[in-house]
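Observations on the three-dimensional arrangement
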Amino acid sequence: AGAAPIIAVDFDGVLCENKWPDIGEPNFEIISYLLAEKIKGTKLIFWSCRSKDSLKKALDWCEEKGLTFDAVNENLPEPIEAFGGDTRKIYADEYIDDKMCKRFELPFKPTKSFIYEMKCSPFSNTNVANTEEYYKRIMNALHINDRGL
């Protein structure tokens, strides 16, 4: 069996309505999801800007809903060991945050239209005349074939 998946979850605007410094109404959809994941063995990290008394109130609120965490605003021991030390970025397999980027399709994978747009961009400094050739160069540099592998 591999390492347990890790989910880092924000509080305000995610587990509850954002009423900071108060606590808003609970988001039962996400709370239920996290409770089910916890039963499966997923590790949970509480990932928030709250501190001191407001952090304690938030954690108490979560506990009242049956939600407990394996870490609070810090990495679990497994990633620390894997990376050879603690990093400032919380490591997780999944991040749930109301500020997450919704503008871009992630994970990033260049497409022909993206390559064309970048080639035509005023920020581009490429001298490749043929868009197809430029696309091939990018794909080769990224070790991606025509099937996206």
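The model shown is predicted, which means the values in this text are computed figures rather than measured ones.

Quick look at the packing of aromatic side chains now. On inspection of all chains with the given rule, the structure shows five aromatic pairs. Centre to centre, the rings of Phe11 and Phe46 are 5.7 Å apart; their planes meet at 40 degrees, and the pair counts as tilted. Of this pair, Phe11 sits in the loop between β1 (6–9) and α1 (28–40) while Phe46 sits in strand β2 (residues 43–46), placing them 35 residues apart in sequence. Taking the relative accessible area as the measure of exposure, Phe46 reaches 0% and is therefore buried.

In spatial order, the strands read β3-β2-β1-β4; together these four strands make up an open sheet with parallel pairing. Among the strands making up the open sheet, the edge pair consists of β3 (71–72) and β4 (94–96). Summarising the sheet, β2 and β3 pair through two bridges and their orientation is parallel. Paired with Ile45 across the strands is Ala71, a residue of β3.

Phe11, Leu15, Leu34, Phe46, Cys62, Leu67 and Phe69 are the most contacted members of the largest nonpolar core, which totals 18 residues. When residues of this core are traced back to their parent elements, those giving at least two are β1, α1, β2 and α2 (52–64). With four residues, α2 is the single largest residue contributor to this core. The residues contacting Phe69, other than those within four sequence positions of it, are Val9, Leu15, Lys38, Leu44, Ile45, Phe46, Leu59 and Cys62. Residues Ala8, Ile45, Ile90 and Ala92 belong to the second largest nonpolar core, which totals seven residues.

Definitions and cut-offs
- Residues numbered from 1 in each chain as written.
- Predicted model: local features only at pLDDT ≥ 70, side-chain atom pairs only at ≥ 80, totals over all residues.
- Heavy atoms only, no water.
- Phe/Tyr/Trp six-rings, centres within 6.5 Å; stacked < 30°, edge-to-face > 60°.
- Helix = DSSP H or I, 4+ residues; strand = E, 2+ residues; numbered from the N terminus.
- Buried < 20%, exposed > 50% of the residue type's maximum accessible area, 1.4 Å probe, protein only.
- Pairing = 2+ DSSP bridges.
- Core = buried A, V, L, I, M, F, W, Y, C linked by side-chain atoms within 4.5 Å.
- Contact = heavy atoms within 4.5 Å.

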